[in-house]
Amino acid sequence: MSLRPERQAPPEIFYNETEARKYTTSSRIIEIQAKLTERALELLALPEDGVPRLLLDIGCGSGLSGETLTENGHHWIGMDISEAMIDIALEREVDGDLLISDIGQGLGFRPGSLDGAISISAVQWLCNADKSCNDPRARLKAFFSSLYKSLARGARAVLQIYPENAQQLEMITTAAMRVGFSGGLVVDYPHSTRAKKYFLCLLCGPPSVNSVLPKAKGEDGGSESDDDTDEEENGTVDVSERQRPAKRAKNGKKIKGKAWLLKKKEQRRNKGVPNVPRDTKYTGRKRKARF
């Protein structure tokens, strides 16, 4: 099944038919997609009970990652903004349902209808603002808030990303945590320039004893040493829970008292500002915690 979008999105993530076909037939790309999808499924930590799950493949492209989901016995829905990629996926007769959609405008699934979600090399595109109407923070908020609503309580989303810099990585992570996700980053091969991979592992709901982030893979392809407690060394960055902007600390901050308030009111009167409150014995008095 394929649905057509009403609006277009950033052009840099579109492929024409020739590029889409070349991408899909590259043996190197096929191998990389399969490995990244297997790793995403591992981090998704689905119950090993033999029951197929309904998963969302965000930025599914021509269905290469979806094939790995099918091989693991799961049902899936694929979303991509590139019509050429979706057309190739239809030609290849992949098993998942396919949608042409801009994830920066939200997902549109029923609340709690998905058992999990993965994304391979797609979410970082939301940080690009090629038009004045494409606000990266607004697009990230629309994506993560709709993803949070679509996932069942306790379900996970694993998003493999290629951030351009630390600021972009922080923007993506912060946007996810602000809508209610808990979790954090797992960085495979953190000491390798070429092999380093970022996986944003998100849990729908507050953190629990069962939501501990897995260890990152090291240079040997295994887990990092348990003795290494440095988060950057072992490649795991635990964001833990929903983050809200912290209030400014009052320590060391100069308190503005009655004299300052009287001075400001006098300045407003001198400027001719109308309706400046008159001075009384209550001016500048600190209120009690409760009435």
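Numbers given for residues are sequential positions, taken from 1 along each chain in its written order. Since the coordinates come from a predicted model, pLDDT governs what is reported: local features require at least 70, and pairs of side-chain atoms require 80 or more to be given and counted, while whole-chain, interface and lining totals use all residues. Hydrogens and waters are ignored; side-chain quantities use all the structure's heavy atoms.

## A word on helix 4 (residues 83-91)
Phase 1 of the analysis: All of the buried residues in helix 4 are Ala84, Met85, Ile86, Ile88 and Ala89.
Phase 2 of the analysis: Whether two residues are in contact is decided by their heavy atoms, any of which lying within 4.5 Å being enough. Helix and strand labels come from DSSP, where a helix needs a run of H or I of at least four residues and a strand needs a run of E of at least two; each type is numbered from the N terminus. Packed against the buried residues of helix 4 are helix 1 (17-25), strand 2 (75-80) and strand 3 (97-100).
Phase 3 of the analysis: Glutamate 93, located one to two residues past helix 4, shows a positive phi value of around 55°. Summary of the burial criterion: residues with accessible area below 20% of their type's maximum are buried, those above 50% are exposed, and those between are partly exposed, where the area comes from a 1.4 Å probe applied to protein chains only.

## Some words on the pattern of salt bridges
Phase 1 of the analysis: Salt-bridge detection follows one rule: a side-chain nitrogen of Lys or Arg within 4 Å of a carboxyl oxygen of Asp or Glu. Inspection of every chain in the model, using the stated rule, returns ten salt bridges.
Phase 2 of the analysis: One salt bridge in this structure joins glutamate 67 and arginine 92, with 2.4 Å as the shortest N-O distance. On the criterion of sequence distance, the pair formed by glutamate 67 in helix 3 (residues 64-71) and arginine 92 in the loop between helix 4 and strand 3 is long-range, its members being 25 residues apart.
Phase 3 of the analysis: Glutamate 67 gets classed as partly exposed once you look at its relative accessible area, which sits at 31%.
Phase 4 of the analysis: Residue arginine 92 is classed as partly exposed on the basis of its relative accessible area, which comes to 29%.
Phase 5 of the analysis: Linked through salt bridges whose partners overlap, the residues forming this network are Lys265, Glu266, Arg269 and Asp279.

## Comments concerning the packing of aromatic side chains
Phase 1 of the analysis: Aromatic rings from Phe, Tyr and Trp, with only the six-membered ring used for Trp, were paired whenever their centres fell within 6.5 Å, and each pair was classed as stacked if the ring planes differed by under 30 degrees, edge-to-face if by over 60, and tilted otherwise. Under the defined criterion, the tally for this structure stands at three aromatic pairs.
Phase 2 of the analysis: Centroid distance phenylalanine 144 to phenylalanine 181: 6.4 Å. Interplanar angle 75°. Geometry classified as edge-to-face. With phenylalanine 144 in helix 5 (residues 136-150) and phenylalanine 181 in strand 6 (residues 181-188), this pair connects stretches of sequence that are 37 residues apart. Residue phenylalanine 144 shares its accessibility class with phenylalanine 181, and that shared class is buried.
Phase 3 of the analysis: For the pair tyrosine 148 and phenylalanine 181, a centre-to-centre distance of 5.0 Å together with 85° between the ring planes defines the contact as edge-to-face. Placement of tyrosine 148 in helix 5 and of phenylalanine 181 in strand 6 is noted, with a sequence separation of 33 residues between them. Neither tyrosine 148 nor phenylalanine 181 differs from the other in exposure class; each is buried.
Phase 4 of the analysis: Ring-pair connections join several aromatic residues into one group, and the members of that group are Phe143, Phe144, Tyr148 and Phe181.

## Quick word on the packing of helix 1 against helix 4
Phase 1 of the analysis: At a minimum axis separation of 8 Å, helix 1 and helix 4 run at an interaxial angle of 50°. Classified by the angle their axes make, helix 1 and helix 4 are oblique. Here the hand of the crossing between helix 1 and helix 4 comes out right-handed. Along its contact with helix 1, which presents Glu17, Ala20, Arg21, Tyr23 and Thr24, the element helix 4 presents Ala84, Met85, Ile88 and Glu91.
Phase 2 of the analysis: All residues other than Ala, Val, Leu, Ile, Met, Phe, Trp, Tyr, Cys, Pro, Asp, Glu, Lys and Arg, Gly among them, are scored as polar; the first ten of these are nonpolar and the last four charged. For the contact of helix 1 with helix 4, the residue count by class is five nonpolar, one polar and three charged. With axes taken as lines fitted to C-alpha atoms, and helix axes fitted only over the stretch in contact, angles between N-to-C directions fall between 0 and 180 degrees. Working rule for angles: under 35 degrees goes down as roughly parallel, over 145 as roughly antiparallel, 65 to 115 as roughly perpendicular, anything else as oblique. In this scheme the crossing of two helices becomes right-handed for a clockwise turn of the near helix relative to the far one and left-handed for an anticlockwise turn of less than a right angle.

## Overview of the nonpolar core
Phase 1 of the analysis: Among buried residues, those of type Ala, Val, Leu, Ile, Met, Phe, Trp, Tyr and Cys that are joined through side-chain atoms within 4.5 Å constitute a nonpolar core. The biggest cluster of nonpolar side chains holds 34 residues, and the ones touching the most others in it are Leu56, Phe143, Phe144, Leu147, Leu151, Phe181 and Leu202.
Phase 2 of the analysis: Going through the elements one at a time, strand 1 (54-58), strand 2, strand 4 (114-120), helix 5, strand 5 (151-161), helix 6 (166-178), strand 6 and strand 7 (197-204) are the ones with two or more residues in this core.
Phase 3 of the analysis: Here the element with the most residues in this core is helix 6; it accounts for six residues.
Phase 4 of the analysis: When sequence neighbours within four positions are dropped, the list of residues in contact with leucine 147 reads Leu56, Ile58, Leu107, Ala117, Ala157 and Phe181.
Phase 5 of the analysis: Counting residues in hydrophobic clusters, the runner-up holds 23 residues, among them Ala40, Leu44, Ile86 and Ala89.

## Regarding the packing of helix 2 (residues 27-44) against helix 3
Two measures define how a pair of helices packs: the angle their axes make with one another and the distance between the axes.
Phase 1 of the analysis: Viewed as axis vectors pointing N to C, helix 2 and helix 3 meet at an angle of 50°, and their least axial separation amounts to 8 Å. In terms of axis orientation, helix 2 runs oblique to helix 3. Helix 3 is crossed by helix 2, and the crossing has right-handed handedness. Of the residues in helix 3, those touching helix 2 at Ile29, Ile30, Gln33, Ala34, Thr37, Glu38 and Leu41 are Leu64, Ser65, Thr68 and Leu69.

## Thoughts on the environment of phenylalanine 199
Phase 1 of the analysis: Its place among the elements puts phenylalanine 199 in strand 7.
Phase 2 of the analysis: On the accessibility criterion, phenylalanine 199 (1% relative accessible area) is buried.
Phase 3 of the analysis: The sequence separation of phenylalanine 199 and alanine 40 amounts to 159 residues, and the corresponding C-alpha distance is 7.7 Å.

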